[in-house]
Amino acid sequence: MPEIFIDGRSVQAEPNQTVIEAAVANGIEMAYFCWHPKLSIAGNCRVCAIQVEGRSWVEIACNMPVSEGLRVQTDTDLVKQYRKSVMQLLTLNHPVDCGICDKAGECKLQDYHYAYNGAPSISVDPKLRLTKFYPLSERIVLDNERCILCSRCVRFTHEISKSKALGIKQRGDASVVRPAEDRSFDNDPYSDNVIDLCPVGALLSRSFFYKSRVWYLQPTKSVCPRCARGCTVQLWHRKPEWKLNALDPQHNVSIERVTPLENPAVNGPWICNVGRDLGPFFERPRAEQAMKKGQPVELAAAIEHARRLIESAQRPVALLSNWGSNEELDAFERALGARFEAFYKIDRVRQPEEPVEDELLVRDDKNPNTAALHARFAPYEGNASLDAADLLLVWGEGFDFTRVPHGAQVILLGAWLHPENAQVDVFIPISIQTERHGHYTNFEGVVSAFEPCFTKKATVAHAETLFVALAAVPVNA
Ligand code: SF4
Ligand code: SF4
C-alpha cells in the first residue's frame with residue numbers, strides 16, 4: 001500500500017487509487033465538481049487543484065495516480081489562487097439564482113464559492129443568456145444558465161444507465177447539454193440520478209420543482225419496496241419545527257422527494273425512477289376504517305370478531321403478504337403459525353408501465369420481501385388448495401377473491417382502499433411501511449432496515465401486534 005502525504009498528513013492509499021480517491025477515502029476534504037467515484041475521469045472542472053511538493057505548477061488530483069512517497073499540498077498560495085480563478089470562471093456567467101433554485105442548500109457551487117472565492121463577480125460584461133427551462137425529459141427540466149458543463153450527467157447515461165441519451169452540443173460558451181433527438185432519455189429508467197449528480201441546480205426534478213426549500217425537510221432512512229432489490233433510500237418530509245399551519249396540512253405528512261442513500265451492498269449510489277416515485281405510491285387512498293361485512297366498526301370490535309373466527313375455524317388457511325416485514329413474519333409465526341396452514345402470495349406483479357429486469361438494479365419481482373417469505377413458507381400459487389378451508393386470513397394485496405371457497409369466511413388485513421374490503425367478513429386496516437420500523441430481506445439475502453416517518457392513525461393496527469391480539473386467549477376464557 002503506497003504511503004502518500006496530503007498537506008503533510010500520512011495517508012495509506014490503495015495501489016490503483018488516484019490522489020482524490022485516497023483523500024476522500026481518508027476523510028480529507030477536497031473540492032470537486034466533475035469527479036465522481038462511479039464515473040470516468042473527465043478532469044474538466046479543474047477545481048481539485050493540488051501542487052506536488054517541489055513542482056512550481058498546479059495539477060489536478062482526480063487524474064493523478066498515487067505513488068510511494070508522493071507529497072501533495074492543497075493549500076499553497078498558488079493552489080488557492082488557482083482554485084479561486086476556477087471559481088471566478090465558473091461563476092462568470094452563472095445566474096445569481098440561489099433564492100429560487102431548488103439546489104440551494106445542497107449546491108456545491110454555493111459552498112465552494114464561499115469556501116474558495118467569496119469575492120464579487122469579476123465580470124464586466126452582461127452574463128450570457130441561455131435556455132432557462134429546457135424540457136430535457138418528461139421528468140427533468142434543464143436550466144442551461146446554471147450548468148457548469150461538468151459532464152457528469154452525460155457520462156452517467158453513457159457509463160451507468162447506458163441509454164447514451166445525453167450529450168454536449170456546440171463549442172465554447174455556446175456549449176449546452178442536450179438529449180438525443182430520439183427522446184431516448186424519456187425511456188431511461190434511471191434518468192433521475194442525474195438530478196443528484198448535477199453539482200449545481202441545472203437539472204431539476206419536475207415532481208420536486210419549487211415544492212420546498214430543502215432545509216424545511218428531513219430524511220428518513222427507508223427501503224424501496226417496489227422491487228426485490230430493496231434499494232436503500234431517504235424519504236424526505238417536512239421537519240416538525242417547520243410544520244405548516246395555514247396551508248394544506250397534508251404537506252406535513254407527505255413524502256416530498258426520494259433520494260438514494262448509498263449502500264454498496266445493495267444499490268451503490270443509485271436508484272431507479274420507480275423508487276423516486278414512492279411518494280405517490282404510498283399516498284394512494286388508504287383504508288383506515290375497520291369493517292364487519294362492509295359495516296364500519298371499532299378496530300377493537302373487528303379484532304375480537306376476527307379472533308373468534310380464528311378460534312372456531314376447523315381448517316384455517318393464511319395467505320401471507322410478501323410486503324410483510326421480517327418482524328411481522330416472526331410475530332405471525334410465534335402467535336398464529338401453529339393455528340394456520342400458511343402460504344405466501346405475491347402481492348404485486350409487474351405492471352406494463354414498470355421497468356423490466358436489467359443488469360443494474362431493477363428486478364422483475366415487484367415486491368420487497370419475497371426472499372424472507374420463501375425461506376419460511378411455501379408459495380400459494382401451485383401449492384395451496386383452498387377448497388377445504390373454512391377460514392381464510394388474507395394479508396395484503398394481490399389475492400383473487402373469486403378463489404375463496406364456497407362457505408369459507410374471510411378476514412382481510414389491508415392498507416389501501418379496495419372493493420373487497422367491504423365484501424369480506426372482517427376487514428382490519430393495517431399500517432404501511434412509512435408508519436413503522438422493520439426489515440426486508442432482498443433477493444440476495446441482504447437485510448435492510450426502514451424507519452417510520454409518520455404516525456399511524458388510531459383506527460389502524462400494526463400487523464405485528466395484531467397477530468398477537470388475534471391469538472390471544474380471552475380474559476374470561
Ligand atoms: S447539467 Fe449539471 S451534471 Fe450536467 S453537465 Fe451541467 S452541471 Fe454537469
Ligand atoms: S431498483 Fe427496485 S428497489 Fe431499487 S429503486 Fe428501483 S424499484 Fe426500488
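Attention in this report is confined to the structure presented alongside it. For every chain, the first residue of its written sequence is number 1, and the numbers climb from 1 along that sequence. Here the convention is simple: chains get letters from A, ligands get numbers from 1, in the order in which they are written. The model is predicted, so local features are restricted to residues of pLDDT at least 70 and side-chain atom pairs to those at 80 or more, both for listing and for counting; the totals for chains, interfaces and linings are taken over all residues. With hydrogens and water stripped out, all remaining heavy atoms of the structure feed into the side-chain values.

1. Comments concerning the overall build of the chain
Within the chain, the secondary structure is distributed over eleven helices and 23 strands. For the C-alpha atoms alone, the extent of the chain along its principal axes is close to 90 × 50 × 45 Å. Pairs of residues are marked as contacts when any of their non-hydrogen atoms sit within 4.5 Å. Considering only contacts within the chain whose residues lie at least 6 apart along the sequence, 65% involve residues at least 24 apart. Here the Shrake-Rupley method, with its probe set to 1.4 Å, supplies the accessible areas, and only the displayed protein chains count as covering residues. Counting only carbon and sulfur atoms, one obtains 52% of the accessible surface of the chain, whose full area is about 22200 Å². Each helix corresponds to a stretch of at least 4 residues labelled H or I by DSSP, and each strand to a stretch of at least 2 residues labelled E; elements are numbered beginning at the N terminus.

2. Here's the deal with the packing of aromatic side chains
When we look at a pair of aromatic rings, we describe it by the centre distance and by the angle of the planes. Between rings of Phe, Tyr and Trp, where Trp is taken as its six-membered ring, a pair exists when centres lie within 6.5 Å; planes separated by under 30 degrees are stacked, by over 60 edge-to-face, and by other angles tilted. This model, assessed by the stated rule, comprises 18 aromatic pairs. When the centroid spacing of 6.0 Å and the interplanar angle of 80 degrees are considered together, the rings of Phe-133 and Phe-209 count as edge-to-face. Here Phe-209 lies in the loop between β10 (203-205) and β11 (217-223) and Phe-133 lies in the loop between α3 (108-117) and β6 (134-135), a separation of 76 residues in the sequence. Taking 5.4 Å as the distance between ring centres and 85 degrees as the angle between the ring planes, the aromatic pair formed by Phe-332 and Phe-467 counts as edge-to-face. A residue pair is termed long-range when its members are at least 10 positions apart, and Phe-332 in helix α9 (residues 326-336) and Phe-467 in helix α11 (residues 463-471) qualify at 135 residues. Classification of Phe-467 by relative accessible area gives buried; the value is 0%. Exposure categories follow from relative accessible area, calculated using a 1.4 Å probe and restricted to protein chains: below 20% of the type maximum is buried, above 50% is exposed, and the middle band is partly exposed.

3. Looking at the side chain of Asn-267
Looking at where Asn-267 falls in the secondary structure, it is placed in the loop between β13 (257-260) and α6 (273-276). Engagement of the side chain of Asn-267 in a polar contact is seen with the backbone oxygen of Trp-270, the distance being 3.0 Å. Discounting residues that sit within four places of it in the chain, Asn-267 has contacts with Cys-231, Thr-232, Pro-260, Leu-261 and Leu-361. For this analysis, a polar contact is any N or O atom pair within 3.5 Å, provided that within protein one partner can donate a hydrogen and the other can accept it, and provided that sequence-adjacent residues contribute only side-chain to side-chain pairs.

4. What to know about the site of ligand 1
Definition of nearness: a residue and a molecule or strand are near each other if at least one heavy atom of the residue lies within 4 Å of the molecule or strand. Ligand 1 sits among Cys-147, Ile-148, Leu-149, Cys-150, Ser-151, Cys-153, Val-177, Cys-198, Val-200, Ala-202 and Leu-203. For this classification, Asp, Glu, Lys and Arg are treated as charged, while Ala, Val, Leu, Ile, Met, Phe, Trp, Tyr, Cys and Pro are nonpolar and the rest, including Gly, are polar. Across the shell around ligand 1, the residue classes break down as ten nonpolar, one polar and no charged.

5. Brief notes about the layout of surface pockets
Rolling a probe over the atoms, with the probe sized like a water molecule, indicates the empty space that remains. One number sums up the size of the largest pocket: a volume of about 1100 Å³. With a 1 Å grid spanning the protein atoms alone, the term cavity applies to any set of points in which a 1.4 Å probe fits but cannot get out, the term pocket to an open set with protein on both sides within 12 Å along at least five of seven lines, and the term lining residue to any residue with an atom within 4 Å of a point. Lining the largest pocket are 45 residues, with Lys-103, Ile-195, Asp-196, Thr-259 and Pro-260 sitting closest to its centre. Here the lining of the largest pocket is composed, by residue class, of 20 nonpolar, nine polar and 16 charged. Grid points are joined across faces, edges and corners, and a volume is the space filled by probe spheres set on the points.

6. Considering the sheet that holds strand β12 (residues 232-238)
Strand pairing in a sheet relies on backbone hydrogen bonds. The paired strands run either parallel or antiparallel. Two strands pair under a simple rule: DSSP has to find at least two bridges between them. The three strands lie next to each other as β11-β12-β13, forming an open sheet whose pairing is antiparallel. Strands at the two margins of the open sheet, each flanked by one partner only, are β11 and β13. Adjacent strand axes in the sheet meet at a mean angle of 30 degrees, parallel and antiparallel pairs treated alike. Helix axes are fitted only over the stretch in contact, all axes being lines through C-alpha atoms; the angle between N-to-C directions runs from 0 to 180 degrees.

7. Thoughts on unusual backbone geometry
Look at Lys-162: it is not a glycine, yet its phi comes out positive at around 65 degrees. One can find Lys-162 in the loop between α4 (152-159) and β8 (166-169). Relative accessible area serves as the criterion here: at 57%, Lys-162 is assigned to the exposed category. Phi is positive for Tyr-210, which is not a glycine, with a value near 55 degrees. Secondary-structure assignment places Tyr-210 in the loop between β10 and β11. Residue Tyr-210 is classed as partly exposed on the basis of its relative accessible area of 45%.

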